[in-house]
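The lines below spell out each chain.
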Amino acid sequence: MTPLLDIKNLRTMLHTGLEPVRAVDGLELSISKGETFALLGESGCGKSMSALSIMRLLPEAAEIVDGQIKIDGCDLLQLPEAEMRKVRGKRISMIFQEPMLSLNPVMTIAAQIEEVLNQHFDLHAGLAQERIKAILQQVGISDAARRMNEYPFQFSGGMKQRVMIAMALAGNPELLIADEPTTALDVTIQAQVLDLMRDLQQRTHMAILLITHDLGVVAEMAHRVAVMYAGEIIETAPREHFFQQPAHPYSQKLFAALPTRHKRNQGLAVISGQVPPLSQEFHGCRFADRCPHAWALCRHTIPEWIEIAPNHRVRCHLFDQQAPSLRSASAAEMPGNLPADSKKVMADQESELLKITDLKIFFPIQKGLLKHTVGHVKAVDGVSLTIAPGKTLALVGESGCGKTTVGKAICQLIPITAGSVLLNGTELIGLARSQLRKKRAEFQIIFQDPYSSLNPKMRVTDIIEEGINALNPGSDKSSSKQTSQSTSTENQVDTLLQRVGLPIEAKWRYPHEFSGGQRQRIAIARALAVNPKLLICDEPTSALDVSVQAQILNLLRTLQQNLGLAYLFITHNISVVEYLADEVAVMYLGRIVEKGHVDEVLNTPKHPYTQALLASVPTIESTSKRVSTHLSGELPSPANTPSGCYFHPRCPHVMPICRETYPEKSTFSTTHSAHCYLYPQDKDSSQTNTN
Amino acid sequence: MPFDPIILWTDALVYLLVGIVIIVGWYIRRSPHLRAPWRRVTHSASGMAALTILAFFILIGVLDTIHFRPLLADASEQAGKKVYSVEVLSLFDIIATPLRTRVEKTYSAPLSAYLYAKETVELPDGSQVREFTRLKYGGAHLADPETQRVDDVIQRAIKGGGWGLFAWSLIVIGLSWGLANRNHTHFLHTQTLIWRGATEIPWRVILITLALGCVLLGMVVALSSHYHVLGTDKVGQDVLYQALKSIRTGLVIGTLTTLIMLPFALLLGIAAGYFRGWIDDVIQYIYTTLSSIPSVLLIAAAVLMMQVYIETHPEMFDTISARADLRLLFLCIILGITSWTGLCRLLRGETLKLREMEYIQAAHAFAVSHWRIISRHILPNVMHIVLIAIVMDFSGLVLAEAVLSYVGVGVDPSMISFGTMINAARLEMAREPMVWWTLMAAFGFMFMLVLSANLFADAVQNAFNPRIRTLPGKVIQSSHHKAAPTLPTPQAASSPLAPNAKDTAHP
C-alpha cells in the first residue's frame, strides 16, 4: 500500500539571529490513508515547523532547503504557488492550536467556511449554504442553520475549535494536520474534541497528522507514533508497541517523567539539560548530552535507523548489534534510577495552617455612564478549605471555575467580598496594609507563567532580594549596617539559588537568559526568600514541558520534605494531583463540589462532575478502554449561574430537585464529602458548616 | 575682564542638562550591569555613525550656548570704567566671526561672486547701467570671476579637503595609538584590527563617517573664507551661519521641551494606570480636556500674552538676546505643557497592562510599597516607550517650531532658527528665478539632525530591549576563528556547554 503522505529528508532552515537554525533536519515519515499519525515531542523540537513545511506556509525567515513531500506521489515542493493553493484546504487541511485566534472575528462562521468552498468547488450559493449546514452538523453543532450566521465571539472555546474543524473539513481533505488541537482547551472539552476527531476519521477515512506534546492524547488517538527530538524523528512505532516498550532513552525518559499515582513516594525521572540549540551541526546523536546511556560512539556517529520490531524503528546506538548487553542493562536500570524517598508523616494532624470559611469574591458588572452595578460575576461563591502544615491541598477544576481567584484572594491580591481567611489563627481579611505586611512572609505565591512573573528589567539577585528587603524593613534603612546587611543578603540569595538547583553565577543575569523551567526555579527561590509556611502554587507547571515539569515537581516535593512547607496546589492536571497532593478539592463554578483525601476522591469519586472530569483525562494505560462518560456542554458563565445545583445543565443524573436548590453536604468519611443529591444529605451541616 | 559672561535662562537649563548627563554617565560607568546595555549601544555601527554626526551638532550647540558680552574697546578707555557691548555673543559667534560680519547687500547664490538681483549702477562716466554687481566679500579676490571662479573654487575645495584628510589621519593615528596602549598591542596590529572591522566598537564605521565629515568640513572652511558657501539671504547674511546658529535653537526646543514634558507625562500617566479609580478619572479628564483644545490656538494665545508682557516690561531685559531667550523658554514650556498628553496616554495604557503582570502581583505579595513598585517595576518597563516618544517628539518639536514661526507665534524674530529660515525662504519660493538655497540649507541641516537622532535612538532601543540580542556578527565570527585551532574537535567544543550556549551567549 502506498502511503498517502511521504516525507523524505525534509530540511527547513530558519534564518533568524546570527546563525541559521535547523528547525527541521532530515525529517522522514509516511502516513497511510485513514491513519492517525502522532508526532510527539517537547516544545522547540520542530513539530510545528514540520507541519508548516508540509503546508508550505512557513514564515518569511524560514526556507525549505532539501527534501521531498509527496502526497499521493505528487511532490508538493515542486508545485508552483498557484497549484499549491489548490492543495491547501482541498487535499491537506490544518487545525491550529488557538481556536480563539484562528477565526476572523468580523466574519460570520458561514462566510468563513464559504471562502474555503469557493476556492475549491464550483457551487452556487444555495448549494453552498446547504453544504455549510451539513458540515456544521457533522462536527456536532446543534441548530446549525441558525448558528452558521453567527460571529465567532458568540461561540465558546470548544465550539470554536469545532468550527475550525468544520472549516478544515469543508474541502474533504485527504490529510488533516492538527497542531496541538486541544492544548488550549479544558480536559472535558478536550475529550469532546478528540471524540469528534476520532468519529470523523472513521466516517471519512482521512489521515490525521496529530502534533502534540501530550502522551495521553497520543494514547487515545494515534495508530502510529513518532517521537521528534531536536528537529528529527528518533523513534517511530505502532501505538501499542510504543506504550508497552518505548525503545529510545528519550521516549523512556518521557514516560518516566510523567507524574502518576504509582510514583507518589519517589522522585520523578528528569532529563538533565535542555534541547540543544539547533543552530549547530550535529556530529553524533542529538540526545547524547542528556542521555544516561551515552558512550563515546554516541558523540561521534549519527545513529542510523534500526528496526527492533515490525514497524518499530529507533535511532539509537543502544540497539545496534554491537552492543546488545548495554540494552538489557538499560532496560533493567530504568525503574531503579529513581531516587526513592520515604515521605515523612506529619504528626501534627490536628492543627490548621490555613482555614478559609465561606469565601466569596464577586466582581461587579458595571454599565452605563455612571457605572451603576447591574450584576455580579460570582467568581468564588462560598469556598471553605483547610490546609494542615506540611500538607498539599490540590484545587482542581476547569478554567474559569475560580481556582486562581481563590489563590489570589488568599494572598490578599484582590478584594474579598465576604468570608474569612485565617492563617495560623490570624484573620487576614480587613488587616491594614502595614499589619498585613508583617504576615506576608508566611504565605507566598508562585504563578503559572514563568515568562510574565519575573520582571525582565531586573537581575535575578534583585528579584530575590526584593522580597527579603521589603519584608525586613531594617535592612533598607540602617545605613551604618548597610555593608554587613548586604553581604548577609547576598549569602541568603546564594543559598536560595542552590536550594532550587541553580548555579550561583545565575544571580547576575537577567530572566530572559533562562529557560522556562529555570525561570520557574527563580520564581520559587523568590517565594522561598521570606521563609513562608504556605506556598500557593497557581498552575506552576502547566506552561512547561513534561521533562521540565518533572524537575519542578521533584523540587517542590523536596522542598516540602526539607522545609515542611504546605502547598495549595491549583491545577487542572489530574496526574500532577495524583502525584503530589494529599487532599483534593474539586471546584465547579466558584463552589467546591467534592473534597477529600486524594485516594478517596480519585478512586471513588462521588460527584458526577468529578467522575466526568476524571473520565475525560486521557490516560496512557489505554489497554482497557473506559466507558466514556464525557461531559456535554461547557462551563456556564459565572455571571449568570444556573439555579439549584450549578452542575445540573451538564449532569447525566439530573433530577428535578437539582434544578431548585443547591445541595447540602454529603459526608462519606471524616475527610471525604461532596455536594450532590445522589447521596443522603447531612442534616447538621447547616449549623456546622466548617470543614 | 575683556568680556562679561552672561547666563541666559535656556543656557542655565542646557548647563543643567549637560550636568545631569555627566552625572548619570558617571553613575552608569560605576555599575557594571547598567554599563552593559550602553556598551551594546557602542557596538551598533549605524548608531555610532549617527552619534558621530550628532556629536558635531551638539558641539556647535554647546559652543553657541556659552554667551558673553564683549568689552567695547574705545568706550572703556574714555570713562575708566568698563562698558560692555549690548550685543550678546556666543563662543560660536567668535569662531564664526568672518561668517557673521561679512554681510552682503541682498540675495546671492551659493559660491557666487555676483548679487542675485540686478542693480542700477552709476558708471564713472555718469551713465547708468543695470547689471549684476559684484559681491562685497564673496569672490572679491577674483579679477575676472567669469573665467577664474570655477577653477578657484575647485582648487580651494581640494586644498580644504586635503587639510581635512590630514586632520583626520592625525585623529586615526592618535586613536590607534591610544587603543594600542590600552590593549597592550602593537600599533600596526591595532590598525589592521580597526580596518578589518574586528574591534568591539565599530571604529571603522566611525572613522569613515569622521573622514567624510572632516573632508566636508575642510572644504567648507576653506571656501567660506572667500565665498558664501550656501549663499546669502535677503539682507545679505550668510546662510551657512544662519543654519549653524539654528542648530542650538533646534536642540534647545527638542530637548528642553521634552525635559519639561517628561515629569507630567511620567507621573500622571503611571499614576493613572497604576492606582486606577478616582485618580485615573481625574487625570483622564485633565488630559482629555487639554488635548481637545487646538494646541496651536493654545500656544498662540500663550505666546501672545507672553509677548505683551515682555513689551510692557522692557526694563526687565538688558539685551535683545535676553528677551528672545525668555520667549524661547516660554515656547518650550508651552509646547511641553500641551504635548505631554500623548505620552501620558501611552504610559497609562502600558501601566494598565503592566499592573496586571504577575511580577507586579508577586511584588504585592511581598508587600513592596507602591513607590517601589512604580520605580523598580513599572518605570524601567516603560522606559522604552519614553525613549521612543522623546525621539519622535524631538523631530516633531523641531518641525512644530517651524510651523509656529510661520504663524508668527514661534521664536522671537531676532532669533535664528530653522523655522524663521524656512519662513523667510517661503516668501521667495514664488520668485523667478527661485531662491532655493535658504530652504535647502534649513532642510538639509534639519534632516541630518533628525535622522542621526533617530538612528542613534534606534541603537539605544535595540540595546535596551532585553529580548533582542544585539551582538555584531563579526565579533562572534572572529572569535570563532581564533578559538577554532585551540579546540580539538568541533563537537567537543559544543558538547559540554551546548544546552546552555543560548544562555551564555551574552557578554
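Just so it is clear, the structure is predicted and the values come from calculations on it, not from any experiment.

**Digging into the overall build of chain A**
No. 1: Secondary structure assignment for chain A yields 23 helices and 24 strands.
No. 2: Taken against the 2.2 N^0.38 rule, which gives 26 Å for 691 residues, the C-alpha radius of gyration of chain A at 27 Å falls within 12% of a compact globule.
No. 3: For chain A, the spread of C-alpha atoms along the three principal axes comes to 75 × 65 × 50 Å.
No. 4: Scored against the burial criterion, the 691 residues of chain A give a buried share of 48%.
No. 5: Contacts in chain A between residues far apart in sequence, at least 24 positions, make up 67% of those at least 6 positions apart.

**Comments concerning the confidence of the model for chain A**
All names here are of chain A.
No. 1: Within chain A, residue pLDDT values average 82, and 90% of them lie at 70 or more.
No. 2: Confidence drops under pLDDT 50 across residues 324-349; counting only partners more than four residues distant or on other chains, this segment forms 28 contacts.
No. 3: Counted against residues more than four places away or in other chains, residues 685-691, with its pLDDT under 50, gives 7 contacts.

**Section: the packing of helix H4 (residues 109-120) of chain A against helix H7 (residues 157-169) of chain A**
Residue and element names in this part refer to chain A.
No. 1: Their axes nearest at 8 Å, the elements H4 and H7 cross at an angle of 25°. One way to sum up the angle between H4 and H7 is to call them roughly parallel. Relative to H7, the crossing made by H4 is right-handed. Every residue of H7 that contacts H4 at Ile-109, Gln-112, Ile-113 and Val-116 is listed here: Val-163, Ala-166 and Met-167.
No. 2: For the contact of H4 with H7, the residue count by class is 6 nonpolar, 1 polar and no charged.

**Examining the sheet that holds strand E1 (residues 3-6) of chain B**
All names here are of chain B.
No. 1: Reading across the sheet, the 3 strands line up as E1-E2-E3 and stay open at both edges, with antiparallel pairing between neighbours. On the outer flanks of this sheet lie E1 and strand E3 (89-90), each paired with one strand and no other.
No. 2: Sheet analysis places strand E2 (residues 67-70) next to E3, joined by 2 bridges and oriented antiparallel. From the neighbouring strand, His-67 faces E3, where its bridge partner is Ser-90.

**Quick word on the domain arrangement of chain A**
Residue and element names in this part refer to chain A.
No. 1: What the domain assignment lists for chain A is domain 1 (5-91 + 173-336) and domain 2 (354-457 + 510-686).
No. 2: Each of domain 1 and domain 2 has a C-alpha centre, and the two are 34 Å apart.
No. 3: Contacts between domain 1 and domain 2 engage 32 residues on the former and 27 residues on the latter.
No. 4: Mapped onto the side of domain 1 that touches domain 2, the elements with two or more residues apiece are helix H8 (187-204), helix H9 (215-221) and helix H11 (249-257).

**Structural notes on the nonpolar core**
No. 1: Counting residues in each nonpolar core, the largest one holds 299 residues, and the members touching the most others are Leu-175, Leu-568 and Val-586 of chain A.
No. 2: In terms of residue count, the dominant contributor to this core is helix H10 (residues 239-275) of chain B (18 residues).
No. 3: Each of two domains, domain 1 (5-91 + 173-336) and domain 2 (354-457 + 510-686) of chain A, supplies a minimum of three residues to this core.
No. 4: Apart from residues no more than four positions distant in its own chain, Val-586 of chain A is found in contact with Val-396, Gly-397, Ile-592, Val-593, Glu-594, Lys-595, Val-601, His-607, Tyr-609, Thr-610 and Leu-613 of chain A.

**Some details on the sheet that holds strand E6 (residues 92-95) of chain A**
Residues and elements named next belong to chain A.
No. 1: Across the sheet, which stays open at both edges, the 8 strands sit in the order E6-E7-E8-E3-E9-E10-E12-E11 with mixed pairing between neighbours. Where the open sheet ends on each side, the last strands, each with one partner, are E6 and strand E11 (305-309). Adjacent strand axes in the sheet meet at a mean angle of 20°, parallel and antiparallel pairs treated alike.
No. 2: Bridging between E6 and strand E7 (residues 175-179) involves 4 bridges; their strand directions are parallel. By the bridge assignment for E7, Ile-92 is matched with Leu-175.

The rules behind each value
Residue positions are given per chain, counted from 1 along the sequence in the order it is written. Key to labels: chains lettered from A, ligands numbered from 1, both in the order written. Side-chain atom pairs in this predicted model are given and counted only at pLDDT of 80 or more, local residue features only at pLDDT of at least 70, and totals for whole chains, interfaces and linings cover all residues. Numbering of helices and strands starts at the N terminus; helices are DSSP runs of H or I of at least 4 residues and strands are runs of E of at least 2. Here the globule rule reads 2.2 Å times residues to the power 0.38, and the radius of gyration is calculated from C-alpha atoms. Residues are called buried when their C-beta atom has 20 or more other C-beta atoms within 10 Å, exposed when it has 12 or fewer, and partly exposed otherwise; all C-beta atoms are positioned from the backbone. What counts as a contact is two residues whose backbone-derived C-beta atoms lie within 7 Å of each other. pLDDT expresses how confident the predictor is about each individual residue, on a scale running from 0 to 100. Orientation is described by lines fitted to C-alpha atoms, with helices fitted over the stretch in contact, and by angles between N-to-C directions that extend from 0 to 180 degrees. Our angle categories are set so that under 35 degrees counts as roughly parallel, over 145 as roughly antiparallel, 65 to 115 as roughly perpendicular, and the remainder as oblique. Two helices that cross are described as forming a left-handed crossing if the nearer one is turned anticlockwise from the farther one by less than a right angle, and a right-handed crossing if clockwise. Each residue gets one of three labels, nonpolar for Ala, Val, Leu, Ile, Met, Phe, Trp, Tyr, Cys and Pro, charged for Asp, Glu, Lys and Arg, and polar for the others, Gly among them. Here a strand pair is declared whenever DSSP counts at least two bridges between the two strands. Either an automatic procedure or a domain database provided the assignment from which the domain bounds are taken. The term nonpolar core means buried Ala, Val, Leu, Ile, Met, Phe, Trp, Tyr and Cys residues held together as one set by C-beta atoms within 7 Å.

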